[in-house]
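# Overview (structure and organization)
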Amino acid sequence: EPEVTQTPSHQVTQMGQEVILRCVPISNHLYFYWYRQILGQKVEFLVSFYNNEISEKSEIFDDQFSVERPDGSNFTLKIRSTKLEDSAMYFCASGSSYEQYFGPGTRLTVT
Amino acid sequence: GIQVEQSPPDLILQEGANSTLRCNFSDSVNNLQWFHQNPWGQLINLFYIPSGTKQNGRLSATTVATERYSLLYISSSQTTDSGVYFCAVPTGAGSYQLTFGKGTKLSVIP
């Protein structure tokens with residue numbers, strides 16, 4: 001059964017550094033998403049991507065964040081200058097217009 | 001935006017027991033998903049259930065969209081069922097972003 005994959009599974013970075021989180025969505029899906037979950041809290045939406053552009057974004061998704069689909073298969077989330085409060089689990093999801101399938105997540109730790 | 005409330009927040013079960021988890025939402029929806037977050041943090045799709053009833057092994061789910069709630073039933077619970085169960089619905093009409101509830105933390109003890 002096809003699944004969403006994410007790399008790395010865990011990333012540790014220093015405050016102020018740039019990080020890129022990578023995702024390979026399920027191949028025939030057209031909608032792509034990033035969510036995050038701060039430890040012990042609920043999952044929060046960051047951004048959705050359709051037809052090579054952002055379709056929705058939350059207030060969390062500020063200028064420090066960007067997304068890209070560089071080669072038609074990968075989907076990336078970049079955080080330009082990480083802050084301590086960016087420490088969280090980041091989930092990529094892909095789907096049809098309704099059902100979303102989530103990847104295993106990347107745990108980002110900012111020190 | 002839409003409000004999603006899950007109950008109970010915590011649940012401890014003896015292995016073999018049955019349970020019902022509830023998800024209430026504040027507005028009409030055309031999509032609802034249930035997820036299981038395992039102890040390693042992975043989100044596992046359980047059901048896509050905008051209405052009606054579905055079953056998958058020991059798990060089943062029912063959504064009554066007109067009354068704005070969904071139920072997840074776990075029968076003959078096993079220790080591997082432990083984790084957090086989330087329901088999620090679209091944030092608003094025409095939106096594909098999901099709003100998650102705070103989850104029900106289930107602990108199944110041997």
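As shown above, the structure is provided for reference.
Residues numbered from 1 in each chain as written. Chains lettered and ligands numbered in written order. Predicted model: local features only at pLDDT ≥ 70, side-chain atom pairs only at ≥ 80, totals over all residues. Heavy atoms only, no water.

### Regarding the overall build of chain B
This is how the line gets drawn: Runs of H or I in DSSP of at least four residues are treated as helices and runs of E of at least two as strands, each being numbered from the N terminus. For a compact globule the rule gives 2.2 Å times the number of residues to the power 0.38, and the radius of gyration it is set against comes from C-alpha atoms. Using a 1.4 Å probe on the protein chains alone, a residue whose accessible area is under 20% of its type maximum counts as buried, one over 50% counts as exposed, and one in between counts as partly exposed. Two residues qualify as a contact provided that any one of their heavy atoms is within 4.5 Å of a heavy atom in the partner residue. Residue-level accessible areas treat just the shown protein chains as cover; the underlying method is Shrake-Rupley with a 1.4 Å probe. We treat Lys and Arg as the positive residues and Asp and Glu as the negative residues; His and chain ends play no part in the count. One atom stands in for each charge, and that atom is NZ of Lys, CZ of Arg, CG of Asp or CD of Glu.
Across its full length, chain B carries zero helices and 11 strands. When the helices and strands of chain B are placed in sequence order, the string is β-β-β-β-β-β-β-β-β-β-β. Taken over the C-alpha trace, chain B has a radius of gyration of 13 Å; the compact-globule value for 110 residues is 13 Å, and the two agree within 12%. In terms of principal-axis extent, the alpha carbons of chain B reach across some 45 × 25 × 20 Å. In chain B, buried positions account for 49% of the 110 residues. For chain B, contacts bridging at least 24 residues in sequence account for 53% of all contacts bridging at least 6. Total accessible area computed for chain B in this model is approximately 5200 Å², and 49% of it derives from carbon and sulfur atoms. Taking the 6 positively charged and 6 negatively charged side chains of chain B as two groups, their mean positions are separated by 3 Å.

### A closer look at the interface of chain B and chain A
Here is the rule we go by: Buried area, as used here, totals the accessible surface that two parts lose on assembly, with accessibility defined by a 1.4 Å probe and the loss added over both. Should a side-chain nitrogen of Lys or Arg be within 4 Å of a carboxyl oxygen of Asp or Glu, the pair is scored as a salt bridge. Residues adjacent in sequence count toward polar contacts only when both atoms are side-chain atoms; beyond that, a polar contact is any pair of N or O atoms within 3.5 Å, and within protein one must be able to donate a hydrogen and the other to accept it. When residue character is reported, Ala, Val, Leu, Ile, Met, Phe, Trp, Tyr, Cys and Pro are called nonpolar, Asp, Glu, Lys and Arg charged, and the others, Gly included, polar.
Facing the 19 residues of chain B at the interface are 17 residues of chain A. Between chain B and chain A the total buried area reaches about 1700 Å² when both faces are included, carbon and sulfur atoms providing 55% of it. Of all residues in chain B, the largest losses of buried area upon contact with chain A belong to Tyr96, Gln97 and Phe100 of chain B, amounting jointly to 36% of the total for that side. Where chain B meets chain A, there are zero salt bridges. Linking chain B to chain A there are eight residue pairs in polar contact (both at pLDDT 80 or more). Listing elements by their share of the side of chain B that touches chain A, those giving two or more residues are β4 (33-37), β5 (43-48) and β10 (98-100) of chain B. Split by residue class, the side of chain B that touches chain A holds eight nonpolar, 10 polar and one charged.

### Considering the pattern of salt bridges
Inspection of every chain in the model, using the stated rule, returns two salt bridges over all chains. Here Glu44 of chain A ties to Arg36 of chain A by a salt bridge, and the two come within 3.5 Å at their closest N and O atoms. What makes Arg36 of chain A buried here is its relative accessible area of 10%. When the shortest N-O distance is used, the salt bridge between Asp81 of chain B and Arg58 of chain B registers 2.9 Å. With a gap of 23 residues between them, Asp81 of chain B in the loop between β8 (69-74) and β9 (83-90) and Arg58 of chain B in the loop between β6 (52-56) and β7 (59-64) connect regions that are remote in the sequence. Taking the relative accessible area as the measure of exposure, Asp81 of chain B reaches 6% and is therefore buried.

### Thoughts on unusual backbone geometry
Negative phi characterises most residues that are not glycine, and trans characterises most peptide bonds. Note the cis peptide between Thr7 of chain A and Pro8 of chain A, where omega equals -10 degrees. Relative to the helices and strands, Pro8 of chain A is located in the loop between β1 (5-7) and β2 (10-13). A cis amide bond links Ser7 of chain B with the next residue in sequence, Pro8 of chain B, at an omega value of -10 degrees. In this structure, Pro8 of chain B sits in the loop between β1 (4-7) and β2 (10-14). Although it is not a glycine, Asn51 of chain A adopts a positive phi angle of roughly 55 degrees. Relative to the helices and strands, Asn51 of chain A resides in the loop between β5 (44-50) and β6 (53-57). For Asn51 of chain A, a relative accessible area of 59% gives the class exposed.

### Section: the nonpolar core
As a reminder of what qualifies: Definition of nonpolar core: a set of buried residues of the types Ala, Val, Leu, Ile, Met, Phe, Trp, Tyr and Cys, connected through side-chain atoms within 4.5 Å.
Of all hydrophobic cores here, the largest spans 22 residues; its most connected members are Trp34, Leu46, Phe61, Val67, Phe75, Leu77 and Tyr90 of chain A. Secondary structure elements with two or more residues in this core: β3 (19-24), β4 (31-37), β5, β7 (65-68), β8 (75-79), β9 (88-95) and β11 (106-110) of chain A. If near-sequence neighbours (up to four positions away) are discounted, Leu77 of chain A is found in contact with Val19, Ile20, Leu21, Trp34, Leu46, Phe61, Phe65, Ser66, Val67 and Tyr90 of chain A. Counting residues in hydrophobic clusters, the runner-up holds 21 residues, among them Val4, Phe25, Val29 and Leu59 of chain B.

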